[in-house]
Amino acid sequence: MAEDLLIDRSLSKAQQYQALLPQIEALTTGEPDQVANLANAMAALKETFGFFWVGVYAVKGDELVLGPFQGPVACTRIRRGKGVCGAAWAEARTLLVPDVEQFPGHIACSSLSKSEIVVPVLKDGAVVAVLDVDSDQLDDFDDTDQQYLEELGRRMAAWF
Ligand code: SME
């Protein structure tokens, strides 16, 4: 497909995710390179929703290591169980954090980050990466984000 994203900001958030996910599928289908696919998926999310920070941390040994992202520079390594990302990995479930200051052990890569959602990417039952989205607004993520980011997470598993 052409490397343009069709974005209609008059649509509801759910409708924008519904329009975006097939476009990410089209952008990545037939491309075997993991970094290329992750990079385009993160750019597509950033371009559609204007997220403050959106990126991937991949499981490498006993740490998460920063992968393709959009936004300010970030911490490169996170240990299992540490911060929201490390907890989502250890617990193998999505963590939706309306106020990061209230999350014990939250890792402040940026003092501007106020709320966060972290979705694990599971392959053959094991967490291989996490998808992390940060907002500079409190309570900026909801069940709609969770539902569609988890759907994206299932697609991302094919790239690992
Ligand atoms: N806040 C995350 C760390 C990653 S950055 O926000 C990009 C955490 O607590 O795991």
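To keep things clear, this report deals only with the structure shown in the data block.

About the cut-offs
- Residues numbered from 1 in each chain as written.
- Predicted model: local features only at pLDDT ≥ 70, side-chain atom pairs only at ≥ 80, totals over all residues.
- Heavy atoms only, no water.
- Helix = DSSP H or I, 4+ residues; strand = E, 2+ residues; numbered from the N terminus.
- Buried < 20%, exposed > 50% of the residue type's maximum accessible area, 1.4 Å probe, protein only.
- Polar contact = N/O pair within 3.5 Å; in protein donor to acceptor, adjacent residues only side chain to side chain.
- Contact = heavy atoms within 4.5 Å.
- Disulfide = S-S within 2.5 Å.
- Pairing = 2+ DSSP bridges.
- Axes fitted to C-alpha atoms, helices over the stretch in contact; angles between N-to-C directions.
- Near = heavy atom within 4 Å.

### Side note on the side chain of S135
With respect to the helices, strands and loops of the structure, S135 is situated in strand β6 (residues 126–135). Since its relative accessible area comes to 3%, S135 is described here as buried. A polar side-chain atom of S135 sits 2.9 Å from the main-chain amide nitrogen of Q137. With sequence-adjacent residues up to four places away left out, S135 is seen in contact with F52, L112, S113, K114, S115, D140 and F141.

### Brief notes about the state of the cysteines
Should the sulfur atoms of two cysteines be covalently bonded, the bond is a disulfide. Here the structure, examined in full by the defined rule, presents one disulfide. Bridging C75 to C109, the disulfide has an S-S length of 2.0 Å. Between C75 and C109, the S-S torsion sits near -120°, and that sign places the bridge as left-handed. Here C75, found in the loop between β2 (63–70) and β3 (77–79), pairs with C109, found in the loop between β4 (95–97) and β5 (115–123); they are 34 residues apart in sequence, far enough to count as distant.

### A short note on the sheet that holds β4
If you walk across this open sheet you meet the six strands as β3-β2-β1-β6-β5-β4, and the pairing is antiparallel. What marks the edges here is a single partner per strand, and that holds for β3 and β4. Pairs of neighbouring strands in the sheet enclose a mean axial angle of 25°, with direction left out of account. Examined bridge by bridge, β5 and β6 share nine bridges and lie antiparallel to one another. Residue pairing in the sheet places P120 in a bridge with V130 of β6. In the packing of helix α2 (residues 34–49) onto the sheet, the strands contacted are β1 (53–60), β2 and β6, and the crossing angle to β2 comes to about 60°. The strands that helix α4 (residues 143–156) touches are β1, β4, β5 and β6; relative to β5, the one it contacts most, it runs at about 35°.

### Topic: the site of the ligand
Taken together, 13 residues are adjacent to the ligand, and V84, C85, I107, E116 and D134 come closest. At 2.8 Å from an oxygen atom of the ligand is found a main-chain nitrogen or oxygen belonging to C85. One of the backbone nitrogen or oxygen atoms of I107 is found 2.7 Å away from a nitrogen atom of the ligand. Elements with a minimum of two residues in the shell around the ligand: β1, α3 (83–91) and β6.

Function cannot be read off these values alone, since they describe shape.
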